[in-house]
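The residues making up each chain are set out below.
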Amino acid sequence: MVAALLDRLGVDPSLYQQGEHAVHSPIDGGRIGSVRLESRTEVEQKIARAVEAFEAWRKVPAPRRGELVRQYGEALRQHKAELGELVSWEAGKITQEGLGEVQEMIDICDFAVGLSRQLYGLTIASERPGHHMRETWHPLGVVGVISAFNFPVAVWSWNAALALVCGNPVVWKPSEKTPLTALACQALFERVAKGFSDAPAHLSQVVIGAREAGEALVDDPRVALVSATGSTRMGREVGPKVAARFGRSVLELGGNNAMILAPSADLDLAVRAILFSAVGTAGQRCTTLRRLIAHESVKAEIVERLKAAYAKVRIGHPLEGNLVGPLIDQQSFDAMQRALEQARGEGGKVFGGERQLAAQFPDAYYVSPAIVEMPGQSAVVCHETFAPILYVVGYSDFAEAIRLNNAVPQGLSSCLFTTDVREAELFQSAVGSDCGIANVNIGPSGAEIGGAFGGEKETGGGRESGSDAWKAYMRRQTNTVNYSHELPLAQGITFD
């Protein structure tokens, strides 16, 4: 099945059949490919080729660069079903989420096409007569993208679409757990670029490798920007290394996202939002809902309603109409079990969390999503476990709820369910949520392409996708033109 999908997507069989690194599907643990891991030297050679591509691509007008991205978006539309199914096989996502991830790619291509005619600078009033000031934006250079297994194609596209219209080549290192989807995206891109006369060779390249390959991208001064998605631990290594060579980084790291459930909340709406946000992708989203901060007046009711809803969740093969697929591997399962045991030790009452379908899929790791009632926001609650665990704590006044929301090291996404406009406005004010994303009456996950995506604190502070995130992929230049016959100096200085 996977080989047939890769064939339809145009991937050379030698790229996924002749390597030493086995790729396994989280669906059943079966081997679905073998890829060759590239060395540091090979990565450096690809960076050198990207530098050559930059020399040519930066000269192509931005709207023309946008046309290449538009054509790539059309190729994604034509192959949405195949690529979405491949995402399911390699990452374990249910059908709707696999298709949704490809739709994100299409959406960011559409966004980038429009952006290619809107890379606006400023006209600035000069204090000197006969002078004109302006601000312009220019292509930055080679962009390195390091992506994680949980969004194996969308996160690359967020970066690549913007980088390309901004005039930059891209070198992409996907997770070694999900390299096949990257090979498929690259094959589609190469097919489009081959028929695009202005596209230089090696405009987009994929690096298949482990830690050594990622380090090569991070360490190389020819890589102007490194966009890295992963754990906070990884970010602590990547950020300082890139900064030490005065490069730029966009870091999308940990998320320990909360929902504040106010007394006035629409509980029917909240249950639906919690279910999608907490159990979708088997809890393996950076924006997964991990903490429910419920007012004491509604806490008992919402927990009982959630338990009833969780009991109806269909767990199983993600391509067979189920709502929750597998964890990526045993390592994730073991981490979930350790967290649940720690929660019990810290006074938590655990509902769910057991392994499922072990007899049917002995080499895969399906679990029932867990609800854990905690006496307070203890150590385990403040740590992000990449699994479907929802911790529930209570609050009595709104100031306490905001304090709990903010009292974790991560700062990606947050939300509030309320019908009180004062609470809603306070939550989104300077003294409210300290996260990069703050929603009202919608869960913390399911971000749209139009808004810049990212967070604060240990989430890394980077922004990807919409809004003005494009500025990270360009260099800013301030220009002053003297069209007079005089040479007045700023600040009224005379130098006769």
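Residues numbered from 1 in each chain as written. Predicted model: local features only at pLDDT ≥ 70, side-chain atom pairs only at ≥ 80, totals over all residues. Heavy atoms only, no water.

To continue, consider the packing of helix 4 (residues 62-78) against helix 8 (residues 179-194). Where helix 4 contacts helix 8, the two axes come as close as 9 Å, and the packing angle between them is 130 degrees. The orientation of helix 4 with respect to helix 8, classified from their angle, is oblique. In the crossing of helix 4 with helix 8, the sense of the turn from one axis to the other is right-handed. Contacts between helix 4 and helix 8 pair L68, Q71, Y72, A75 and L76 from the former with C185, L188, F189, V192 and A193 from the latter. Looking at side-chain class alone, the contact of helix 4 with helix 8 contains nine nonpolar, one polar and no charged residues. (Axes fitted to C-alpha atoms, helices over the stretch in contact; angles between N-to-C directions. Helix = DSSP H or I, 4+ residues; strand = E, 2+ residues; numbered from the N terminus. Parallel < 35°, antiparallel > 145°, perpendicular 65-115°, else oblique. Left-handed = near helix turned anticlockwise from the far one by under 90°. Contact = heavy atoms within 4.5 Å. Nonpolar A, V, L, I, M, F, W, Y, C, P; charged D, E, K, R; others polar.)

Under the criterion given, the structure shown has 30 salt bridges. Taking the shortest distance from any N to any O, the salt bridge between E42 and R36 comes out at 2.9 Å. A salt bridge links R305 to E301; the shortest N-O distance between them is 3.5 Å. Separated by four residues within a single helix, R305 and E301 lie in helix 12 (residues 296-311), roughly one turn from each other. One network of salt bridges, in which partners are shared, links R40, E44, R211, E215, D219, R233 and E237. (Salt bridge = Lys/Arg side-chain N within 4 Å of Asp/Glu carboxyl O.)

The tally for this structure, following the rule as stated, stands at two cavities of 30 Å³ or more. Of the pockets and cavities examined, the largest cavity occupies roughly 60 Å³. Along its surface, the largest cavity is lined by V69, Y72, I108, C109, W156, S157, A160, A161 and L164. Among the secondary structure elements, those contributing two or more residues to the lining of the largest cavity are helix 4, helix 6 (95-115) and helix 7 (154-165). Counting residues per element, the lining of the largest cavity draws most heavily on helix 7, at five residues. Taken together, the residues that form the lining of the largest cavity break down as eight nonpolar, one polar and no charged. Each pocket or cavity is described by its volume, and for the second largest cavity that value is around 30 Å³. Together, N256, R290, H383, E384, T385, A387, I389 and Y391 line the second largest cavity. (1 Å grid on protein atoms, 1.4 Å probe; cavity = no way out; pocket = protein on both sides within 12 Å on 5 of 7 lines; lining within 4 Å. Points joined across faces, edges and corners; volume = space filled by probe spheres on them.)

Another aspect to go through is the sheet that holds strand 7 (residues 204-206). One open sheet holds the five strands; their spatial order is 7-6-5-8-9, and the pairing between them is parallel. Since the sheet does not close on itself, it has two edges, and those belong to strand 7 and strand 9 (248-252), each with one partner. Geometrically, the sheet is characterised by an average inter-axis angle of 15 degrees between neighbouring strands, direction not taken into account. Pairing of strand 8 (residues 223-229) with strand 9, which is carried by five bridges, proceeds in the parallel orientation. Considered in strand 9, the bridge of V226 is made with S249. On top of the sheet, helix 8 reaches strand 6 (170-173) and strand 7; it is set at about 155 degrees to strand 7, its chief contact. (Pairing = 2+ DSSP bridges.)

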